[in-house]
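Breakdown of the fold
Residue-level listing of the chains:
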Amino acid sequence: MAWLWEPARWALVAFVPLAAIALWDFFQHDHTLRRNYPLVARIRWLMEDLRPFAQAYIVESDLEGRPFSHQARALVYARAKGDLDSHPMGTEYDVYSDEYEWLSHSIAPKAEAPEYWRLTVGESTCAKPYTTAMLNISAMSFGSLSAKAIEALNAGAALGDFAHNTGEGSISKYHRSHGGDLIWELGSGYFGARKQDGNFDPEQFRDRSADDQVKMIELKLSQGAKPGHGGVLPAAKVTPEIAEARGVPAGVTVTSPAAHPAFSTPIEMLEFVAKLRELSGGKPVGIKLCVGQPHELFAMGKAMLETGLHPDFITVDGAEGGTGAAPLELSNSVGMPLREGQIMVRNMLVGLNLRSKVKIAASGKIHSGAQMAKAFALGADWCNAARPFMFALGCVQSMNCHKGTCPTGVATQEAWRQRGLVVEDKAPRVARFQKQTLHSLREIVIAMGLSSPWEITPQDMRERLNGARSDAIDRIYTFLEPGELLEDPDSTAYARHWHAARADSFRRAQ
Ligand SMILES: Cc1cc2nc3c(=O)[nH]c(=O)nc-3n(C[C@H](O)[C@H](O)[C@H](O)COP(=O)(O)O)c2cc1C
Ligand code: SF4
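Definitions and limits used
- Residues numbered from 1 in each chain as written.
- Chains lettered and ligands numbered in written order.
- Predicted model: local features only at pLDDT ≥ 70, side-chain atom pairs only at ≥ 80, totals over all residues.
- Heavy atoms only, no water.
- Near = heavy atom within 4 Å.
- Nonpolar A, V, L, I, M, F, W, Y, C, P; charged D, E, K, R; others polar.
- Salt bridge = Lys/Arg side-chain N within 4 Å of Asp/Glu carboxyl O.
- Helix = DSSP H or I, 4+ residues; strand = E, 2+ residues; numbered from the N terminus.
- Buried < 20%, exposed > 50% of the residue type's maximum accessible area, 1.4 Å probe, protein only.
- Phe/Tyr/Trp six-rings, centres within 6.5 Å; stacked < 30°, edge-to-face > 60°.
- Lys NZ or Arg CZ within 6 Å of the ring centre and 35° of its normal.
- Polar contact = N/O pair within 3.5 Å; in protein donor to acceptor, adjacent residues only side chain to side chain.
- Areas by Shrake-Rupley, 256 points an atom, 1.4 Å probe, with all protein chains shown as cover.
- UniProt positions renumbered as here; feature names shortened; annotations may be inferred.
- Domains from an automatic or database assignment.
- Contact = heavy atoms within 4.5 Å.
- Buried area = accessible area lost by both parts, 1.4 Å probe.
- Expected span 1.5 Å × (residues − 1).
- Patch = residues over 30% accessible without salt bridge, like charges linked within 9 Å, V, L, I, M, F, W, Y side chains within 5 Å.
- Axes fitted to C-alpha atoms, helices over the stretch in contact; angles between N-to-C directions.
- Parallel < 35°, antiparallel > 145°, perpendicular 65-115°, else oblique.
- Left-handed = near helix turned anticlockwise from the far one by under 90°.

Regarding the site of ligand 2
All residues in the neighbourhood of ligand 2 are listed as Met 390, Cys 395, Val 396, Gln 397, Ser 398, Met 399, Asn 400, Cys 401, Cys 406, Thr 408, Val 410 and Ala 411. Its residues assigned to classes, the shell around ligand 2 comprises eight nonpolar, four polar and no charged.

A few points about the pattern of salt bridges
Applying the stated criterion across every chain, the model contains 22 salt bridges. Close ionic contact of Glu 168 with Lys 220 constitutes a salt bridge, the shortest N to O distance being 2.6 Å. Of the two residues, Glu 168 sits in the loop between strand S5 (163–165) and helix H6 (173–176) while Lys 220 sits in strand S7 (residues 214–220), which places them 52 residues apart along the sequence. Exposure remark for Lys 220: the relative accessible area of 10% places this residue in the buried category. A salt bridge links Glu 203 to Arg 206; the nearest nitrogen and oxygen atoms lie 3.3 Å apart. Of this pair, Glu 203 and Arg 206 both sit in helix H7 (residues 202–209), three residues apart, which is roughly one turn of that helix. According to the relative accessible area criterion, Arg 206 is partly exposed, its value standing at 36%.

Focus on helix H13 (residues 369–377)
Counting buried residues in H13 gives seven out of nine residues, a clear majority hidden from the surface. Residues of H13 that are buried include every one of Gly 369, Met 372, Ala 373, Lys 374, Ala 375, Phe 376 and Ala 377, and no others. Gly 379 occupies a position one or two residues after H13 and carries a positive phi of about 115 degrees.

Re the packing of aromatic side chains
Per the stated rule, a full pass over the model turns up 18 aromatic pairs. Relative to Trp 498, the ring of Phe 298 lies with its centre 6.4 Å away and its plane at 80 degrees, an arrangement referred to as edge-to-face. Taken together, the positions of Phe 298 in helix H10 (residues 294–307) and Trp 498 in helix H18 (residues 495–500) put the pair 200 residues apart, joining distant regions of the chain. Each member of the pair, Phe 298 as well as Trp 498, is classed as buried. By the ring-pair criterion, three or more aromatic residues cluster together here, those being Trp 184, Tyr 190, Phe 200, Phe 205, Phe 263 and Phe 272. The side chain of Arg 44 reaches across the aromatic face of Trp 45, ending 5.4 Å from its centre. Above the face of the Trp 498 ring, Lys 302 is positioned so that its terminal group lies 4.5 Å from the ring centre.

Here's the deal with the site of ligand 1
Within the structure, ligand 1 sits among 24 residues, and Ala 139, Glu 185, Gly 322, Lys 365 and Arg 387 are positioned closest to it. Contact distances for ligand 1 include 3.2 Å between a nitrogen atom and a side-chain N or O atom of Gln 223. Between Lys 288 and ligand 1, the recorded distance is 2.8 Å, taken from a side-chain N or O atom to an oxygen atom. Computed on the free molecule, ligand 1 has an accessible area of 610 Å², of which 98% lies beneath the protein chains in the complex. At three residues, helix H14 (residues 387–392) tops the list of elements feeding residues into the shell around ligand 1. The class makeup of the residues in the shell around ligand 1 is six nonpolar, eleven polar and seven charged.

Some remarks on the UniProt feature "domain: Glutamate synthase" (unreviewed entry) in the chain
Those places that UniProt annotates as "domain: Glutamate synthase" (unreviewed entry) correspond, in this numbering, to residues 132–450. Each end of residues 132–450 is marked by a C-alpha atom, and these two atoms are 21 Å apart; helix forms 39% of the span and strand 14%.

What about the domain arrangement of the chain?
Domain boundaries assigned for the chain yield domain 1 (2–80) and domain 2 (133–500). Domain 1 and domain 2 are separated by 38 Å when their C-alpha centres are compared. Between domain 1 and domain 2, the residue contacts involve 14 residues of the former and 21 residues of the latter. In this assembly, domain 1 packs against domain 2 so that about 1600 Å² is buried in total across both faces, 65% of it on carbon and sulfur atoms. Summed over the three residues of domain 1 that lose the most area to domain 2, namely Phe 68, Arg 79 and Ala 80, the buried surface amounts to 41% of that side. The tally of links from domain 1 across to domain 2 stands at zero salt bridges. Applying the counting criterion to the domain 1 and domain 2 interface returns five residue pairs in polar contact (both at pLDDT 80 or more). Broken down by secondary-structure element, the contributors of at least two residues to the side of domain 1 that touches domain 2 are helix H3 (42–59) and helix H4 (70–81).

Quick word on H4
Because an α-helix packs 3.6 residues into every turn, residues spaced three or four apart end up facing the same way. Here H4 is twelve residues long and its end C-alpha atoms lie 16 Å apart, about the 16 Å a rise of 1.5 Å per residue gives. Restricting attention to buried positions, one finds in H4 the residues Ala 72, Arg 73, Leu 75, Val 76, Ala 78, Arg 79 and Ala 80. The elements touched by buried residues of H4 are H3, H13, H14 and helix H16 (423–447). In the stretch just after H4, Gly 82 is the one whose phi turns positive, near 80 degrees.

Some words on a nonpolar patch on the surface
A surface patch of nonpolar side chains, about 780 Å² in accessible area, is lined by Leu 33, Tyr 37, Val 40, Ile 43, Trp 45, Leu 46, Met 47 and Leu 50. The element that contributes the greatest number of residues to the nonpolar patch is H3, accounting for five residues. Within the element layout of this structure, Tyr 37 appears in the loop between helix H2 (32–36) and H3.

Let's talk about the packing of H4 against H16
Each packed pair of helices is defined by two parameters, the angle between the axes and the distance between the axes. Running from N to C, H4 and H16 point in directions that differ by 110 degrees, and their axes come no closer than 7 Å. In terms of orientation, H4 lies roughly perpendicular with respect to H16. Along this stretch, H4 crosses H16, giving a crossing that reads as right-handed. When H4 is examined against H16, the residues Val 76, Arg 79, Ala 80 and Lys 81 are found in contact with a partner set consisting of Pro 428, Arg 429, Arg 432, Phe 433, Gln 436, Thr 437 and Ser 440. Partitioned by chemical class, the residues of the contact of H4 with H16 number four nonpolar, three polar and four charged.

A short note on the packing of helix H5 (residues 147–160) against H16
It is the contact of H5 with H16, at a shortest axis distance of 7 Å, that shows an interaxial angle of 50 degrees. When the axes of H5 and H16 are compared, the pair comes out oblique. Crossing hand, H5 versus H16: right-handed. Seen from H5, the contacting residues are Lys 148, Glu 151, Ala 152, Leu 153, Ala 155, Gly 156, Ala 157, Leu 159 and Gly 160; seen from H16, they are Val 423, Lys 426, Ala 427, Pro 428, Val 430, Ala 431 and Gln 434. The residue inventory of the contact of H5 with H16, partitioned by class, reads ten nonpolar, three polar and three charged.

Written as structure tokens, this is what we have:
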């Protein structure tokens, strides 16, 4: 019988803790399920935790998976790693479903095209214009992303000669260590250029923006995933490093208000843009927004006409855009999707003959050459991507960014979780993903018989309306002719918003 002792001892070792947990569950008051089904009910939470993985690895087909499908992620991973990115056997889309849309190729494709294109921003307004790449890293702050992620993104940007937007958390030491071009984003918290009371500090802004690594400034009005929402960074998350970057005390809760303290009318906003340009020594200044109430956009247009002031670029972010954390209702139900927002911004500028002065950048699930080409068709001058660059860093879309428990070290501040993200390995992936995506854009431009992506027009893109009909985008959406809003606003689809817009207020005119 002595041989039975050993297994019995091990059984006891396993049983005692489980019995203790079961007893704890039975007597605790917080969870009904655990009280009624001690121990067993815990499987539910385990399954909840494993759900994103089970869904991604077992349940989803290639075209499923949200926010990004398995196919979209696989494409980014392949391009980032330099693996084979071609696809066998033809499209998996149902080309007769109303989700399908396509770009029209030419019978006479171009024989050749430049290897890549670049575009100068702020040529007529700035002492230091910037020549931007066609695909840049969209705003993501140090704080929502880890130090290693910021380093790898910036090193990738330096390798690939494109720009890295700081996000509203300002410029940290991790943004500086590899020297990649920066777009400094200023949100309503003015982090990095902020007085103690939360107002904008011109002196700090002048000093920091003078850094040669800072190539452009982006004034953030809103982002698609949480438009009109301020931010709160709880005291526990304000580490000394984050505090240093943002210019706030460590260990104290910081808030960024929903509205900018520095301006409250369209004219004041443009004056602030002009002030930033001047303080920065003549660097291009743009605004970033997700379109909300259309009259506010036309109010900006009226203010541009009245003052002669204008931003150098407008970044249009779609409601489909990402975030580290946001209230679900704001992500799901507030803000205009990229396509409509981009067309409206384009129409405001074209209709007021301002298009040549103000460039347009687009962001919102742009992860491939085809998505870029479609954004160009709707009037974009360049594109930004956030989550696709996270995929290039190794993000597996486990949807834990808001919990700080990111398994890939991309969106966490815990050092041990960042161990797996090796900057020297990921930086070339970031650069490769950007380069291969631009290569794909180039192939599309050539197939369309064009010389540059700016030649793609709404006529070149078709959308399926139902199983039997499709039409060109310019016959589905409104595209204004140059000056149309100036000459005869009442004949346009925007008459109502135009008349409601005032240069001296974002409020709707009565
Ligand atoms: C983790 C994370 C953090 C972000 N932080 C910011 C931010 O600080 N400022 C901002 O304007 N947008 C922020 N965004 C939004 C992105 O810049 C971008 O506009 C949006 O995600 C759409 O691009 P995507 O679809 O390529 O991700 C963030 C997005 C993510 C995923
Ligand atoms: S892997 Fe990290 S960054 Fe990607 S979704 Fe999950 S938690 Fe967020």
